[in-house]
Amino acid sequence: MRVDIVTVFPDYLRPLDLSLIGKARDIGLLDVRVHDLRDWATDRHRTVDDAPYGGGPGMVMRADVWGEALDAIRLSGEGAPLLVIPSPSGLPLDHRAVEALSRSEWIVIACGRYEGIDARLEQHYRGRPDWRGVQEISLGDYVVAGGEVAALVLVEAIGRLIPGVLGNEESAIRDSFGEGCSGFLESPTFTRPEEWRGLRVPEVLLSGDHGRVAAWRDDQARRRTEANRPGLLDPGLE
Ligand code: JDE
């Protein structure tokens, strides 16, 4: 899978060189390329933004600079990429959305800064036959300074669904939101030592009784879900 990330802060994406994702890149399962949007600016100051029409605070990113960048990236490969734009106005990202994205062969992530990107960018690429469409995605109901953290979230969430990246394939299937999940959040986990600062590991986990362990974990998962995410049990509540 190929992922191109366009940003005015390419250094922000350095964590993608590390750990799980870095290894997936080294062994050729994931082809991540980070681009500096300013490489497509045309003036001496490499400007990418301007004041908003209609007035108001802040700056808006120019569609023309973005258009040059996206066209060049699209021409550097074969096939039609999906354009993903992180935005507080986007579709909330969940396991299903990540799974759908992980089936794409090529995605381009456009990281906006300031007050966002000129709305015509999305309009234009939505109708282009050499692109697979545009998807605006949201990390949640809050605003961050730019789309870069969302790009990191996306690559890491997609990356661990790619066969061969995780190493332990079963854990991706079984975890909280995976295919084989119960629909509940995960139960708490423990490791050695058996007692730490006066706190003991629940006796049932030391019992070796797999039936009792499974029943205890189900009960814990249910309680946690009721307390933290009642909407997962009854969508009317969220
Ligand atoms: C992504 N959840 C939140 C922010 C923005 C006022 C200030 C800023 C592409 O357009 C954007 C992108 C971003 C960065 O992403 C997020 C985000 N998921 O904040 C703005 C809009 N209005 C615009």
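Predicted, not measured: the structure shown is a model, and the values here were computed from it.

Draft legend 1. Here's a closer look at the site of the ligand. For the ligand, the set of nearby residues contains 15 residues, the closest of which are Pro-86, Glu-115, Leu-139, Tyr-142 and Val-144. Contacts to the ligand include Val-144, whose backbone N or O atom sits 3.0 Å from an oxygen atom. For the ligand, whose accessible area on its own is 520 Å², the fraction buried by protein is 85%. In terms of residues, the shell around the ligand owes the most to one element, strand E5 (residues 82-92), which gives four residues. For the shell around the ligand, the class distribution of residues is eight nonpolar, six polar and one charged.

Draft legend 2. Local environment of the nonpolar core. By size, the foremost hydrophobic cluster in this structure holds 26 residues, and its most contacted members are Ile-5, Leu-16, Val-84, Ile-109, Leu-154 and Val-155. Of all the secondary structure elements, the ones that give two or more residues to this core are strand E1 (2-7), helix H1 (19-26), E5, helix H3 (95-102), strand E6 (106-110) and helix H5 (148-159). The leading source of residues in this core is H5, at six residues. Here Val-84 is in contact with Leu-101, Ile-107, Val-108, Ile-109, Ala-110, Gln-135, Ile-137 and Leu-154, once residues within four sequence places are set aside.

Draft legend 3. Looking closely at the sheet that holds strand E7 (residues 134-138). Judged by pairing direction, the sheet is parallel, and its five strands sit side by side in the order E2-E1-E6-E5-E7 without closing on themselves. The sheet terminates laterally at strand E2 (31-36) and E7, the two strands that pair on one side only. Neighbouring strand axes in the sheet, compared pairwise and without regard to direction, differ in orientation by 30° on average. Relative to E6, E1 runs parallel, the two sharing five bridges. Following the sheet pairing, Ile-5 is matched in E6 by Ile-109.

Parameters at a glance
- Residues numbered from 1 in each chain as written.
- Predicted model: local features only at pLDDT ≥ 70, side-chain atom pairs only at ≥ 80, totals over all residues.
- Heavy atoms only, no water.
- Near = heavy atom within 4 Å.
- Polar contact = N/O pair within 3.5 Å; in protein donor to acceptor, adjacent residues only side chain to side chain.
- Areas by Shrake-Rupley, 256 points an atom, 1.4 Å probe, with all protein chains shown as cover.
- Helix = DSSP H or I, 4+ residues; strand = E, 2+ residues; numbered from the N terminus.
- Nonpolar A, V, L, I, M, F, W, Y, C, P; charged D, E, K, R; others polar.
- Core = buried A, V, L, I, M, F, W, Y, C linked by side-chain atoms within 4.5 Å.
- Buried < 20%, exposed > 50% of the residue type's maximum accessible area, 1.4 Å probe, protein only.
- Contact = heavy atoms within 4.5 Å.
- Pairing = 2+ DSSP bridges.
- Axes fitted to C-alpha atoms, helices over the stretch in contact; angles between N-to-C directions.

This is a description of form; function is not addressed.
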